[in-house]
Amino acid sequence: MAEAQNIPVGSTTAGQIAVAAESTVATRMSAPPSFDVADFPVPHGREEEWRFTPLERLRGLHDGTATATGEGVKVDVQAPEGVTVETVGRDDARLGRAGAPVDRIAAQAYSAFEKASVVTVPKETVLAEPVRIAVHGQGGTAYGHQVIELGAFAEAVVVIDHTGDAVLAANVDYLLGDGAKLTVVSVQDWDDKSVHVAQHNARIGRDASFKSVVVTFGGDLVRLHPRVTYAGPGGEAELIGLYFTDSGQHQEHRLFVDHNTPHCKSNVVYKGALQGEDAHAVWIGDVLIEAKAEGTDTYEMNRNLVLTDGARVDSVPNLEIETGEIVGAGHASATGRFDDEQLFYLMARGIPEQDARRLVVRGFFAELVQQIGVADIEARLIEKIEAELEATV
Amino acid sequence: MATLEIRDLHVTVEADNATKEILKGVDLTVKQGETHAIMGPNGSGKSTLAYSLAGHPKYTITSGTVLLDGEDVLEMSVDERARAGLFLAMQYPVEVPGVSVSNFLRTSATAIRGEAPKLRTWVKEVKETMERLHMDPSFAERNVNEGFSGGEKKRHEILQLELLKPKIAILDETDSGLDVDALRIVSEGVNRVRETGQVGTLLITHYTRILRYIKPDHVHVFAGGRIVESGGPELADKLENEGYEAYTKGGASE
């Protein structure tokens, strides 16, 4: 089911479907999940989970040398009526229930944060307006923790907007009660120098549906790790991602869907465009179907569009199946390039060069943009794509 | 009346770290309403002529002139040439991922016509033209040339020709790889455009087969990077019977 086509120079696409008695997704991590940073060795760069990440650009988040500064990052939560917003201390029992840190930086964030924000949507509450969480970097270093919890049959859209200049490591927990519906849009619109490493843990209740939209444009280094587990049968996860990786940027999206419960669904679609020297995008898509997860239906896909020379893509889908009693499982990864021949073809039909590029990139992202479902984010996204294209080619 | 004038055109290409001259002095005048067939053996430079006229960056013009209604075509960028009225139907149209045929056609028509075509009439125009080319309506939603069969690619090229209504159409081996049915459908499309009398057609082909459907006014034999003989339709008959041997042996070609 794996497909790979039009692989340009400087990209890798590797995929595998493994049928195994024991999960290698778990065992190829350097250490078992833990809330304590001391349980993880300092990475040296050759570990499976770190081999694509330029450690020297992590500003010390990985080796304990990054110290939080007072007003590093400002978090502002705007929520419609009916939503509870709290700032809590480290000992609050509601933290960390969606999943434990799986790597050194996530554990560092969990070991170092001082205040967490907890957003609670009570059961059966359906929000008409999104909850908006503005995370704004003010030039400092910070460790963060956020919890978004939806009670049974609650419905909410949450937009987490990252802007400014920061070095930030964080964990975000999404807890969905039975039958709850949560859409989370995480926008990484950082200034050029920012470093952002985060683990997202979603725990999806019985018959609940979770939609994660990750939009990454900015930053020097962004490494996000959205993870999904199911707390009961009938859960659905839709993970959508868009990234536009510019010259010099490292944008890494590592996904893990753990089908640990029967009759759940997951669908992962990430698309990225790259342009410029040393633009580097990494996509790791791990899906594990555990032996007990009969009736699983999963598909994951990554598409990359390389607009110029000098950019690099590493795309690694990995599907691990421990039971054959499933509805469907598949993955696909393809990296194509917008090359001189395509440009010539479009221009030979009268279309100016800049318009030709815009046409291709817009078309590439269009189907995903339409799925976001938050109008102002869609509009901003299209604006951003335009601006990126105008900037430098 | 639109006229394309090619004078003493010399073109080189870089290959294996060497510069190779492919076109060695091409002279040709194509007027609106006329159809010229350029026939020649493989490697004679026919396609180089087509791509050089369209402005492909791979080819370097070392001397000569190309004028369209007195305007210097060689000074224009690829898109400017298209907007000036040159159209190249390509032998190997490329796939453009992420761009649907309908979006592509509309963007192109907007660029060529200088304004966006009115949506209602445009949809009708596209639909009818596609029907005449025996193209399924679902075609419009597919990505440009992605997964198209050889015949579909050529029909898509002719669809563009019909919609963009150029002054000069260069058809680069549009007949290659087509079965008889597809060849007939494609030829009918070309003939519809020719019948308007508004287009000058430069039909580049290796085979005489397409000339049964598209009747040229002039036939030129291309060999060794230049036109070595010109005549009327009877020249095609001669080629049909005798092949290119006479032109390739005498040192005209390399």
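Residues numbered from 1 in each chain as written. Chains lettered and ligands numbered in written order. Predicted model: local features only at pLDDT ≥ 70, side-chain atom pairs only at ≥ 80, totals over all residues. Heavy atoms only, no water.

### Structural notes on the overall build of chain A
Regarding its fold elements, chain A presents five helices and 18 strands. Expressed as lengths along the three principal axes of its C-alpha atoms, the size of chain A is roughly 60 × 50 × 45 Å. Going through the 393 residues of chain A one by one, you find that 61% of them count as buried. Surface accessibility of chain A: about 14600 Å² in total, with carbon and sulfur atoms responsible for 48%. In chain A, 33 positive and 59 negative side-chain charges are present, and the distance between their average locations comes to 1 Å. (Helix = DSSP H or I, 4+ residues; strand = E, 2+ residues; numbered from the N terminus. Buried < 20%, exposed > 50% of the residue type's maximum accessible area, 1.4 Å probe, protein only. Areas by Shrake-Rupley, 256 points an atom, 1.4 Å probe, with all protein chains shown as cover. Lys, Arg positive; Asp, Glu negative; His and termini not counted. Charge placed at Lys NZ, Arg CZ, Asp CG, Glu CD.)

### Points about the packing of helix H4 (residues 353-369) of chain A against helix H5 (residues 375-391) of chain A
Residue and element names in this part refer to chain A. Taken N-terminus to C-terminus, the directions of H4 and H5 make an angle of 150°; their axes are 10 Å apart at the nearest point. Between H4 and H5, the angle is such that the two are roughly antiparallel. Here H4 runs over H5; the crossing is right-handed. In contact with Gln 354, Arg 357, Arg 358, Val 361, Arg 362, Phe 365 and Val 369 of H4, H5 contributes Glu 378, Leu 381, Ile 382, Ile 385, Glu 386, Leu 389 and Glu 390. Considering only residue class, the contact of H4 with H5 consists of seven nonpolar, one polar and six charged. (Axes fitted to C-alpha atoms, helices over the stretch in contact; angles between N-to-C directions. Parallel < 35°, antiparallel > 145°, perpendicular 65-115°, else oblique. Left-handed = near helix turned anticlockwise from the far one by under 90°. Contact = heavy atoms within 4.5 Å. Nonpolar A, V, L, I, M, F, W, Y, C, P; charged D, E, K, R; others polar.)

### A short note on the pairing of strand S4 (residues 59-68) of chain B
All names here are of chain B. Both strand S1 (residues 3-15) and S4 contribute to a ladder of eight bridges, which runs antiparallel. Among the inter-strand pairings, Glu 5 is bridged to a residue of S4, identified as Leu 67. In this structure, S4 lies alongside strand S5 (residues 71-72), joined through two bridges in antiparallel fashion. By the bridge assignment, Leu 68 is partnered in S5 with Glu 71. The antiparallel pairing of S4 with S5 creates a hairpin that spans two residues between the two strands, and Asp 69 there sits at a positive phi of about 50°. (Pairing = 2+ DSSP bridges.)

### Here we look at the UniProt feature "domain: SUF system FeS cluster assembly SufBD core" (unreviewed entry) in chain A
As recorded in UniProt, the sites labelled "domain: SUF system FeS cluster assembly SufBD core" (unreviewed entry) are residues 137-364 of chain A. Summarising residues 137-364 of chain A: 9% helix, 62% strand, and an end-to-end C-alpha distance of 31 Å. (UniProt positions renumbered as here; feature names shortened; annotations may be inferred.)

### What about the sheet that holds strand S7 (residues 168-172) of chain B?
Residues and elements named next belong to chain B. Within the open sheet, the six strands sit side by side as S6-S7-S8-S3-S9-S10. Their pairing is mixed. At either end of the open sheet lies a strand with only one pairing partner, and these are strand S6 (86-89) and strand S10 (226-231). For this sheet, the mean angle separating the axes of adjacent strands, direction not counted, is 20°. Where S6 meets S7, four bridges bridge the pair, whose relative direction is parallel. Within the sheet, the bridge partner assigned to Phe 87 lies in S7 and is Ala 169. Contacting strand S3 (35-39), S6, S7, strand S8 (200-205) and strand S9 (218-223), helix H1 (residues 46-54) runs over the sheet at an angle of about 140° to S7.

### Considering the interface of chain B and chain A
Contacts between chain B and chain A engage 32 residues on the former and 15 residues on the latter. At the boundary of chain B and chain A, one finds one salt bridge. Here chain B and chain A share 10 residue pairs in polar contact (both at pLDDT 80 or more) between them. When residues of the side of chain B that touches chain A are traced back to their parent elements, those giving at least two are H1, helix H2 (78-84), S6, helix H3 (101-113) and helix H5 (150-164) of chain B. (Salt bridge = Lys/Arg side-chain N within 4 Å of Asp/Glu carboxyl O. Polar contact = N/O pair within 3.5 Å; in protein donor to acceptor, adjacent residues only side chain to side chain.)

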